[in-house]
Amino acid sequence: GAVVSQHPSWVICKSGTSVKIECRSLDFQATTMFWYRQFPKQSLMLMATSNEGSKATYEQGVEKDKFLINHASLTLSTLTVTSAHPEDSSFYICSARGTANGELFFGEGSRLTVL
Amino acid sequence: AQSVAQPEDQVNVAEGNPLTVKCTYSVSGNPYLFWYVQYPNRGLQFLLKYITGDNLVKGSYGFEAEFNKSQTSFHLKKPSALVSDSALYFCAVRDISSMDSSYKLIFGSGTRLLVRP
């Protein structure tokens with residue numbers, strides 16, 4: 001099946017720094033990718049929809065200047081958490097829409113811890 | 001608005017017994033329903049989906065789900081649970097409420113399945 005890779009799996013950073021998380025579709029082209037945030041023992045919250053070559057569409061309540069999304073190619077979308085603070089600590093998951101019947105494939109997730 | 005509800009935070013079953021994880025949905029129009037499983041510190045793995053056709057959908061790892069339109073339910077089932085099935089299970093519905101939402105999923109709150117030996 002299709003594979004979506006996220007990197008890094010784990011990241012620890014100091015408060016005030018920026019962190020970039022990559023989401024790659026390894027064996028298919030993904031015109032659309034989705035970024036989710038998951039708090040401990042909670043469901044996935046959709047943050048934004050990332051479309052190749054255009055601006056991301058953010059869900060209500062998600063700060064676009066805080067969570068920068070770039071989808072520069074058909075196989076790569078990046079999420080940059082700018083000026084991270086401890087409350088940004090979370091599990092971030094991306095998913096990519098496959099070209100055949102549009103099925104979604106999920107990455108393994110990236111755990112961000114901000115000290 | 002589209003939504004899904006998973007009424008149980010946790011389901012406990014003994015290994016070898018049948019298991020059911022409940023999901024109800026609310027959609028306008030025909031529902032597109034999904035089940036995913038998540039192991040600790042991992043992403044989501046697709047189990048099965050219902051689009052149209054047979055109400056009983058068979059998926060990965062021996063799981064199946066029954067679509068019941070009159071009860072607006074899509075419960076996940078397995079005839080014989082394994083300890084390795086212990087994980088977090090999410091029901092999801094496809095959001096068709098906005099323009100480019102064709103494949104945007106709305107997730108339920110999740111149900112933790114614990115299978116004891």
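The model shown is predicted, which means the values in this text are computed figures rather than measured ones.

Following histidine 7 of chain A, the chain continues into proline 8 of chain A via a peptide bond in cis, with omega recorded as 0°. Note on placement: proline 8 of chain A falls in the loop between β1 (4–7) and β2 (10–13). The phi dihedral of serine 83 of chain A is positive, around 45°, even though this residue is not glycine. Position of serine 83 of chain A among the secondary structure elements: in the loop between β8 (76–81) and β9 (90–97). In this structure serine 83 of chain A comes out as partly exposed when scored by relative accessible area, which is 33%. Residues other than glycine seldom take positive phi values, yet threonine 72 of chain B does so here, at roughly 45°. With respect to the helices, strands and loops of the structure, threonine 72 of chain B is situated in the loop between β8 (64–68) and β9 (73–78).

Quick look at the nonpolar core now. With 26 residues, the main nonpolar core has Trp35, Leu47, Leu48, Phe74, Leu76 and Tyr89 of chain B as its most contacted residues. Those elements that place two or more of their residues in this core are β2 (10–14), β3 (19–21), β5 (33–38), β6 (44–50), β8, β9, β10 (87–94) and β12 (111–116) of chain B. Among the elements that take part in this core, β10 of chain B stands out by supplying four residues, more than any other. In contact with tyrosine 89 of chain B, other than residues within four places in its own chain, are Gln6, Trp35, Tyr36, Val37, Leu47, Phe63, Leu76, Gly110, Thr111 and Leu113 of chain B. With 24 residues, the next largest nonpolar core counts Trp35, Ala56, Tyr92 and Val114 of chain A among its residues.

Turning next to the sheet that holds strand β7 (residues 67–73) of chain A. In a beta sheet, neighbouring strands pair by backbone hydrogen bonds and run either parallel or antiparallel. Residue and element names in this part refer to chain A. The strand order across the open sheet built from four strands is β1-β3-β8-β7, with neighbouring strands paired in antiparallel fashion. Looking at which strands have only one partner, the edges of the open sheet turn out to be β1 and β7. Shown here is a sheet whose adjacent strand axes are inclined to one another by a mean of 15°, direction ignored. Bridge analysis of β7 against β8 gives five bridges, and the strand direction is antiparallel. By the bridge assignment for β8, isoleucine 69 is matched with leucine 79.

Turning our eyes to something else, we now look at the environment of arginine 24 of chain A. Residue and element names in this part refer to chain A. On the secondary structure map, arginine 24 appears in strand β3 (residues 19–25). With relative accessibility at 33%, the residue arginine 24 sits in the partly exposed group. With 18 residues separating them in the primary sequence, arginine 24 and glutamine 6 have C-alpha atoms 6.4 Å apart. When residues no more than four places from it in sequence are discounted, the contact partners of arginine 24 are Val3, Val4, Ser5, Met33, Thr75 and Leu76.

Our focus in this paragraph is the packing of aromatic side chains. Residues and elements named next belong to chain B. Evaluation of the coordinates by the stated rule reveals 14 aromatic pairs over all chains. Taken together, a centroid distance of 6.0 Å and an interplanar angle of 55° make the contact between tyrosine 36 and phenylalanine 107 tilted. With tyrosine 36 in strand β5 and phenylalanine 107 in strand β11 (residues 105–107), this residue pair connects regions lying 71 residues apart in the sequence. Accessibility expressed as a relative area gives 9% for phenylalanine 107, which makes it buried. Relative to phenylalanine 67, the ring of tyrosine 50 has its centre 4.1 Å away and its plane inclined at 15°; by these criteria the two rings are stacked.

Each side of the interface is counted separately: chain B has 17 residues, and chain A has 24 residues. For the pair chain B and chain A, the interface holds one salt bridge. A salt bridge links glutamate 108 of chain A to arginine 42 of chain B; the shortest N-O distance between them is 2.3 Å. At the junction of chain B and chain A, the tally comes to four residue pairs in polar contact (both at pLDDT 80 or more).

To continue, consider the pattern of salt bridges. Counted by the stated rule, this structure contains six salt bridges over all chains. With a shortest N-O distance of 2.7 Å, aspartate 88 of chain A and lysine 66 of chain A are connected by a salt bridge. Here aspartate 88 of chain A, found in the loop between β8 and β9, pairs with lysine 66 of chain A, found in the loop between β6 (57–58) and β7; they are 22 residues apart in sequence, far enough to count as distant. In terms of burial, aspartate 88 of chain A and lysine 66 of chain A fall into one category: buried. Between aspartate 85 of chain B and lysine 78 of chain B there is a salt bridge, with the nearest N and O atoms lying 2.8 Å from each other. The exposure class of aspartate 85 of chain B is buried, given its relative accessible area of 4%.

Quick notes on the rules
Here the residue numbers are simple positions, counted from 1 along each chain's written sequence. Chain letters start at A and ligand numbers start at 1, both assigned in the order the entries are written. Per-residue local features are limited, in this predicted model, to residues with pLDDT of at least 70; the limit for side-chain atom pairs, both in listing and counting, is 80 or more; totals at the level of whole chains, interfaces and linings are taken over all residues. To obtain the side-chain values, all non-hydrogen atoms of the structure were used and water was disregarded. Runs of H or I in DSSP of at least four residues are treated as helices and runs of E of at least two as strands, each being numbered from the N terminus. Here's how the labels work: a residue is buried when its accessible area is under 20% of the maximum for its type, exposed when over 50%, partly exposed in between, all with a 1.4 Å probe on protein chains only. For the purposes of this section, nonpolar cores are sets of buried Ala, Val, Leu, Ile, Met, Phe, Trp, Tyr and Cys residues that join through side-chain atoms within 4.5 Å. When checking whether two residues touch, look at their non-hydrogen atoms; a contact exists if any pair is within 4.5 Å. At least two bridges found by DSSP between two strands are what make those strands a pair. Note on definitions: angles span 0 to 180 degrees between N-to-C directions of axes, and those axes are lines fitted to C-alpha atoms, for helices only across the stretch in contact. Side-chain rings of Phe, Tyr and Trp, where Trp is taken by its six-membered ring, are said to pair if the distance between their centres is within 6.5 Å; with planes under 30 degrees apart they count as stacked, over 60 as edge-to-face, and otherwise as tilted. By salt bridge we mean one thing: a side-chain nitrogen of Lys or Arg within 4 Å of a carboxyl oxygen of Asp or Glu. Distance and chemistry together define a polar contact, namely a pair of N or O atoms within 3.5 Å, with one atom able to donate a hydrogen and the other to accept it when in protein, and with adjacent residues in sequence counting only for side-chain atoms on both sides.

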